[in-house]
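So you can see what is in the structure, the chains are spelled out below.
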Amino acid sequence: MSTQKLPAVCGNAQLLSELQIMRRQNHLPHALLLHGAQGCGKKLIAKWFAALVLCEDAEHAPCGCCKNCRLVAEDAHPDVMTAEHSGKRGGFSVETVREIRREAAVLPNNGDMRVFIFPDADGMSIQAQNALLKSVEEPPAHSCFVFTAGTVGVLLPTLLSRMTAKAVFPVTPGECSEALLKRDYPDADIRAAVARFGGNIGKCIAYLSDESVRQSADDAAALSAALAERNEYELLRLLTAAASDKERLTRTLELLDAQVRDAAVLTLEGDFPRLGCDRSAAETLSAGLTPRRAMRMHGAIQEAFADLDGNVSAVLTVTALCTALCDA
Ligand SMILES: [Zn+2]
């Protein structure tokens, strides 16, 4: 028998406890949206939620020991279905949604409920959302739907109004280090990852296990520092180096965009989770940054993505981007 355990969810204690209380009171939502930054554990919590729904021990759910919990842990539960992505934008095809609707009408195999997970629903088309609307509006008593997305704004208001939306937050840097230590990464590497991505465990793991992610994070940190100094020469040098490989360039620009976003929110009141990879570079960039300039920088980066999608050469794209960023 497999010994795989239910995933240990780090942090987000209040969210987990709220959901456990709902389960004890028999008031679990039939449609749940978990929203938060990429890498903060939404899919892990979706799996934990499936076990919470299906666990045979209502009082201590998810117990992690019963047959249902074990099957969820092994990704082998016949009543848990995860919708598969399709298409360029990572959405769900209308056919996939229809299949899930058909499945949702079928009685559970092992227990009282069936759980349907739509991971990373950010790219879900309006057609696919509309196709799902009826099932979410009037779900069969034995079905529940879980969505994960970056923000609530990606879903249609009609769909959203039928869901319980819950935010998932990154953990503290200390909790993140502890979770990474349990995965046996070396101390020094963990310190470097947490310095880059704070309490975002998913991003830290990507940084620790994927050399290309590490390179892009280092590139994006250097780029945002050059941007803060309006050092056009350095900006072009770094962008041209990243342009040697389109995937590297795309990842780097995504992180640079996140750095611009972090710099923009640092000018606001309130405590927003960081999305980028270098807090101090974002702080330098935020000095004197107006919302209009931040929007222009974001627009320039989005334009570069559009050019790359349209097969404009990477070198031409970064040359135009460099000028646009410096003029922003
Ligand atoms: Zn259980």
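The preceding data block contains the structure.
First, a word on scope: everything that follows refers to the structure included in this document. Just so you know, these numbers come straight off a predicted model, no measurement behind them.

1. Structural notes on the packing of helix H10 (residues 211-228) against helix H13 (residues 279-286)
Step number 1: The N-to-C vectors of H10 and H13 enclose an angle of 20°; their axes lie 8 Å apart at closest approach. Comparing their axes, H13 and H10 come out roughly parallel. Seen along the crossing, H10 lies across H13 with a hand that is left-handed. Contact residues: H10 offers Ala221, Ser224, Ala225, Leu227 and Ala228, while H13 offers Ala281, Thr284 and Leu285.
Step number 2: The residue inventory of the contact of H10 with H13, partitioned by class, reads six nonpolar, two polar and no charged.

2. Looking at the coordination of the zinc ion
Step number 1: Around the zinc ion, the protein contributes the donor atoms Cys55 (SG), Cys63 (SG), Cys66 (SG) and Cys69 (SG), at 2.3 Å from the metal centre.
Step number 2: What the four donor atoms of the zinc ion show is an angle range of 103 to 117° at the metal, which sorts the shape as tetrahedral.
Step number 3: Sequence spacing among the residues donating to the zinc ion works out to C-x7-C-x2-C-x2-C.
Step number 4: We classify Cys66 as buried; its relative accessible area is 11%.

3. Re the sheet that holds strand E3 (residues 114-118)
Step number 1: One open sheet accounts for five strands, arranged E2-E3-E4-E1-E5; its pairing is parallel. Single-partner strands in this sheet number two, and they are strand E2 (80-82) and strand E5 (164-167). Taken over all neighbouring pairs, the strand axes of this sheet differ in orientation by 20° on average, direction set aside.
Step number 2: As defined by bridge partners, E3 adjoins strand E4 (residues 143-149) across five bridges and the pair is classed as parallel. Looking at the pairing, Phe116 lines up with Phe145 of E4.

4. What about the packing of aromatic side chains?
Step number 1: Going through the model one piece at a time under the given rule, you end up with four aromatic pairs.
Step number 2: For the ring pair Phe92 and Phe118, a centre distance of 5.2 Å and an interplane angle of 90° mean the geometry is edge-to-face. In this pair, Phe92 sits in the loop between E2 and helix H4 (94-105) while Phe118 sits in strand E3, placing the two residues 26 residues apart along the sequence.
Step number 3: Judged by relative accessible area, Phe118 falls into the buried class, the value being 0%.
Step number 4: Where Phe197 meets Tyr207, the ring centres are 6.1 Å apart and the plane angle is 75°; that geometry is what we call edge-to-face. In this pair, Phe197 sits in helix H8 (residues 187-197) while Tyr207 sits in helix H9 (residues 201-209), placing the two residues ten residues apart along the sequence. The burial state of Phe197 is the same as that of Tyr207; both residues are buried.
Step number 5: What links up through ring pairs into an aromatic cluster is the set Phe92, Phe118 and Phe147.

5. A closer look at the environment of Gly111
Step number 1: For Gly111, the position within the fold is in the loop between H4 and E3.
Step number 2: For Gly111, a relative accessible area of 29% corresponds to the partly exposed category.
Step number 3: When the C-alpha atoms of Gly111 and Leu54 are compared, they prove to be 6.7 Å apart, with 57 residues separating the residues in sequence.

6. Examining the pairing of strand E1 (residues 31-35)
Step number 1: Along E1, five of the five residues are buried, which leaves the element largely enclosed by surrounding structure.
Step number 2: Here E1 shows a buried face lined by Ala31, Leu33 and His35 and a second buried face lined by Leu32 and Leu34.
Step number 3: For E1 and E4, the ladder comprises five bridges, and the chain directions are parallel. Within the sheet, the bridge partner assigned to Ala31 lies in E4 and is Phe145.
Step number 4: Direction of pairing for E1 relative to E5: parallel, over a ladder of four bridges. Paired with Leu33 across the strands is Ala165, a residue of E5.

Definitions and limits used
For every chain, the first residue of its written sequence is number 1, and the numbers climb from 1 along that sequence. At least 70 in pLDDT is required for a residue's local features to be given in this predicted model, at least 80 for side-chain atom pairs to be given and counted, and no such filter applies to totals for whole chains, interfaces and linings, which use all residues. Excluded from the side-chain calculations are hydrogens and water; all other atoms, namely the structure's heavy atoms, are used. Note on geometry: axes are lines fitted to C-alpha atoms, helical ones only across the stretch in contact, with angles between N-to-C directions running from 0 to 180 degrees. Only DSSP runs of H or I reaching four residues or more are called helices, and only runs of E reaching two or more are called strands; each is numbered from the N terminus. Angles below 35 degrees are treated as roughly parallel, those above 145 as roughly antiparallel, those between 65 and 115 as roughly perpendicular, and all remaining angles as oblique. Helix crossings fall into two classes, left-handed where the near helix is turned counterclockwise from the far one by less than a right angle and right-handed where it is turned clockwise. Throughout, a residue-residue contact means that at least one pair of heavy atoms, one from each residue, lies within 4.5 Å. Three classes are used, and their members are as follows: Ala, Val, Leu, Ile, Met, Phe, Trp, Tyr, Cys and Pro are nonpolar, Asp, Glu, Lys and Arg are charged, and the others, Gly among them, are polar. Coordinating donors are taken to be N, O and S atoms lying within 2.8 Å of the metal, or within 3.2 Å when the metal is Na, K or Ca; because water is excluded from the atom set, some sites may appear incomplete. Any coordination sphere not matching a tetrahedral pattern (four donors, all angles between 85 and 135 degrees) or a square planar or octahedral pattern (four or six donors, opposite donors over 155 degrees apart, other angles between 65 and 115) is reported as irregular. Relative accessibility thresholds used throughout: buried, under 20% of the residue-type maximum; exposed, over 50%; partly exposed, between the two (1.4 Å probe, protein chains only). One requirement defines pairing of two strands: DSSP has to find at least two bridges between them. Two aromatic rings from Phe, Tyr or Trp, using only the six-membered ring of Trp, form a pair when their centres are within 6.5 Å; if the ring planes differ by under 30 degrees the pair is stacked, by over 60 it is edge-to-face, and anything between is tilted.

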